[in-house]
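Results of the structural survey
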Amino acid sequence: MGMVKNHYEFWPKRISKSLTIPETNIVDNLEVSAKRFPNKTAIYFYGQELTYRQLLEEVKGKAQFLQSKLNVNTGDRVLLYMQNCPQFIIAYYAILSINAIVVPINPMNKTEELAYFINDSEASVAFLDQSLFDRVQPIINSSTLKHIIISDYSYYANQDISLSSQNYVTTVDINQPFVTEWCEAVSGEELSNRSFEYQLTALIIYTSGTTGHPKGCIHTHKNVQANISGTSIWGNYTPQTVALTTLPLFHVTGMQHSMNTTLQAGGTIVLMMRWDRDLAGELIDKLGCTHWVNISTMMIDFLSNPSLSNYEISSLQVVGGGGAPLPKAIGEKLHELTGILYAEGYGSTETMSQTHFNPLDRPKLQCLGIPFFDVDARVIDSETYEQLGENEKGEIIVDSPQLLVGYWKKPEETKASFIEIDGKTFFLTGDVGYFDEEGYFFLVDRKKRMINASGFKVWPVEVETMMYKHPAIHSVCVIASPDARRGETVKALVVLNDGFEKTTEKEIIDWSKSQMSDYKYPRVVEFVNKLPISASGKVLWRELQEREFSVRGESI
């Protein structure tokens, strides 16, 4: 059967189907933009601007310090542990400037989690905000960490952002011999000669750890450049791009779409430390943001804001995202308000963000999109590995230039994640999906998230999609609940929209029953004030699932 090519008929006009990947270090992108646009704003952060000239000078200063004072060399791992702020971007490019490896870590991780990441990556140096020092200090003596460069989120801000970080107040004395404050991490020495090899490892990014310990995905400069180049062309990134940055930079989607591609194009990054729908509206209005890559939970919240009409958002040109399907009703509402068609993409930490993206002029809602530049995506039977055809559900596999090299220090897991077909090496995504007659791919669900209700397979995303059509539902997460008769039954945790507080469980269940098959509709509805959200904006369904089984499992 071979490669799926149906989508080529709907490929964006005037865009080639293949790309030549730059054979350069990622830092080269920043250096070129700084030469072209030295006085242009590279970063806007709570009232303060950094030009490209200033950004590059800051990067060089921190790179010099790492190399000359801390003796960080090619291949050494450096931890990057902070929320969205200019320091993250500066440290990221400084680390890469000396051919060291960036290890970005979720700032929500606590001490024991951090110990694993530090020791697994064998990081000797870390960049972090002082509000997170409490979490690192207890493990300094028992880890590979030797030195910390500490900053303050407000360092580059003209506005008071204390309210944004009030939950991160440290009580530990940072005056330690192994700590250098951000403003003191400078060196007058020039960087030694560096050979920029694009096959060198640039990043080790840890997966969320769906089974066992998180795995570190090894990405080279070439892997990263493949998606930067593709994203720039597909998303029409130019020097006039103003990218509202609401996704975390430690995660591949925010890292690529908001940070790396914007800097490569010479655009402006508008940084938000954390999600705030009113601030997002203000920034779009004030700064004329053109690009906004987000996640469905943000889009749902943004469009349900009763103050939305106070903001002028007509500057937006490209709005899209991934990580979780956008409910059809939300996509339609965005189009009604702005004329913009929400473009979803699909990818993972292992693929350095997207392997699929919807054509901006012909997207389909609730759709992963079509295979990206030079991506061979197929659907197979996960047991027989037989390739499946149109509208047949199976596991999505991909062969692409942005694929990880392997998992850090985990050769067995690496081997188990790939399969050879037709002389190509495909990554087993673990996602169940299919493609239609036009070559557009659709997600059914994660293999491990399936609910087995009396022998019937129920995919939570499919149920959630239908439930979003109910006017009372602001957000919903569908999980399995233990059931003595059915084995598992379908449960929905629902956050209600304002004005629908009197909605009952029976109303939601009866409505759902009228909308979907008998085996699919939720038998149990629980109303909650909010759903747990990860730092990358995804609903933490696994947390809810585990809690459900731990609470209800005892009574079965």
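Small disclaimer: the values here were computed from a predicted structure and weren't measured.

Helices and strands together make up the secondary structure of the protein chain, namely 14 helices and 27 strands. Whereas a compact globule of 556 residues would reach a radius of gyration of roughly 24 Å, the protein chain reaches 23 Å, a difference of no more than 12%. Over its C-alpha atoms, taken along the principal directions, the protein chain stretches across nearly 70 × 55 × 50 Å. Evaluated residue by residue, the protein chain yields a buried proportion of 60% over its 556 residues.

The next point concerns a negative patch on the surface. A surface patch of negative charge is lined by Asp276, Glu282, Asp285 and Glu312. Following the sequence through the fold, Asp285 ends up in helix H8 (residues 277-287). What makes Asp285 partly exposed here is its relative accessible area of 35%.

Looking now at the sheet that holds strand S2 (residues 48-51). The nine strands are arranged S2-S1-S11-S10-S12-S13-S14-S15-S16 in an open sheet whose pairing can be described as mixed. Since the sheet does not close on itself, it has two edges, and those belong to S2 and strand S16 (370-371), each with one partner. Bridging between strand S12 (residues 291-294) and strand S13 (residues 318-321) involves four bridges; their strand directions are parallel. Across the sheet, Asn294 pairs through a bridge with Gly321, a residue of S13. Those strands touched by H8 are strand S1 (41-45), strand S10 (242-245), strand S11 (268-271) and S12, and its axis lies near 170° from that of S10.

We describe a pair of aromatic rings using the distance from one ring centre to the other and the angle between the two ring planes. Summed over the entire model, instances satisfying the criterion amount to 22 aromatic pairs. For the ring pair Phe372 and Phe373, a centre distance of 5.0 Å and an interplane angle of 70° mean the geometry is edge-to-face. For the pair shown, Phe372 and Phe373 are each scored as buried. Aromatic side chains Phe435 and Phe441 sit 5.4 Å apart centroid to centroid with 35° between the ring planes, which places their arrangement in the tilted category. Judged by relative accessible area, Phe435 falls into the buried class, the value being 4%. An aromatic cluster is present here, built from Tyr8, Trp11, Trp234, Phe372 and Phe373 joined pairwise through their rings.

Residues of the protein chain with pLDDT of at least 70 account for 94%, and the chain-wide mean is 91. Between residues 163-169, whose pLDDT stays under 50, and residues either more than four places distant or in other chains, the model counts twelve contacts.

Let us now look at the packing of helix H6 (residues 221-234) against helix H7 (residues 252-265). Where H6 contacts H7, the two axes come as close as 9 Å, and the packing angle between them is 80°. Taken together, the axis directions place H6 and H7 in an arrangement best described as roughly perpendicular. In this structure, H6 uses Val224, Asn227, Ile228, Thr231 and Ser232 to contact H7, whose residues at the interface are Gln256, His257, Asn260, Thr261 and Gln264. By residue class, the composition of the contact of H6 with H7 is two nonpolar, eight polar and no charged.

Right, let's get into the environment of Ser151. Inspection of the secondary structure assignment puts Ser151 in strand S6 (residues 147-151). Sequence spacing of Ser151 and Phe127 is 24 residues, and the spatial spacing of their C-alpha atoms is 7.8 Å. Setting aside residues no more than four positions away along its own chain, Ser151 makes contact with Met82, Gln87, Leu128, Asp129, Gln130 and Trp182.

Okay, H8 next. If you check which residues of H8 are buried, you get Leu279, Ala280, Gly281, Leu283 and Ile284. In this fold, the buried residues of H8 make contact with S1, S10, S11, S12 and helix H9 (296-303). Immediately downstream of H8, the backbone of Gly288 shows phi near 65°, a positive value.

With that out of the way, let us pick up the pairing of strand S18 (residues 394-399). Counting buried residues in S18 gives six out of six residues, a clear majority hidden from the surface. Two elements, strand S17 (residues 376-380) and S18, share five bridges in a ladder whose sense is antiparallel. Opposite Asp376, over in S18, you have Asp399 as the bridge partner. Here S18 runs beside strand S21 (residues 424-435); their pairing, made up of four bridges, is antiparallel. When the bridges of S21 are listed, Gly394 appears paired with Gly433.

Turning next to the pairing of S13. The alternating pattern of S13 places Val318 and Gly320 and Val319 and Gly321 on opposite faces, both of which are buried. With two bridges joining them, S13 and strand S14 (residues 343-348) adopt parallel strand pairing. Among the inter-strand pairings, Gly321 is bridged to a residue of S14, identified as Glu344.

Here the focus is the side chain of His356. With respect to the secondary-structure elements, His356 resides in strand S15 (residues 353-357). In this structure the side chain of His356 is engaged in a polar contact, spanning 2.8 Å, whose partner is the side chain of Thr355.

Cut-offs applied
- Residues numbered from 1 in each chain as written.
- Predicted model: local features only at pLDDT ≥ 70, side-chain atom pairs only at ≥ 80, totals over all residues.
- Heavy atoms only, no water.
- Helix = DSSP H or I, 4+ residues; strand = E, 2+ residues; numbered from the N terminus.
- Rg over C-alpha atoms; globule rule 2.2 N^0.38 Å.
- Buried < 20%, exposed > 50% of the residue type's maximum accessible area, 1.4 Å probe, protein only.
- Patch = residues over 30% accessible without salt bridge, like charges linked within 9 Å, V, L, I, M, F, W, Y side chains within 5 Å.
- Areas by Shrake-Rupley, 256 points an atom, 1.4 Å probe, with all protein chains shown as cover.
- Salt bridge = Lys/Arg side-chain N within 4 Å of Asp/Glu carboxyl O.
- Lys, Arg positive; Asp, Glu negative; His and termini not counted.
- Charge placed at Lys NZ, Arg CZ, Asp CG, Glu CD.
- Pairing = 2+ DSSP bridges.
- Contact = heavy atoms within 4.5 Å.
- Axes fitted to C-alpha atoms, helices over the stretch in contact; angles between N-to-C directions.
- Phe/Tyr/Trp six-rings, centres within 6.5 Å; stacked < 30°, edge-to-face > 60°.
- pLDDT = per-residue confidence, 0-100.
- Parallel < 35°, antiparallel > 145°, perpendicular 65-115°, else oblique.
- Nonpolar A, V, L, I, M, F, W, Y, C, P; charged D, E, K, R; others polar.
- Polar contact = N/O pair within 3.5 Å; in protein donor to acceptor, adjacent residues only side chain to side chain.

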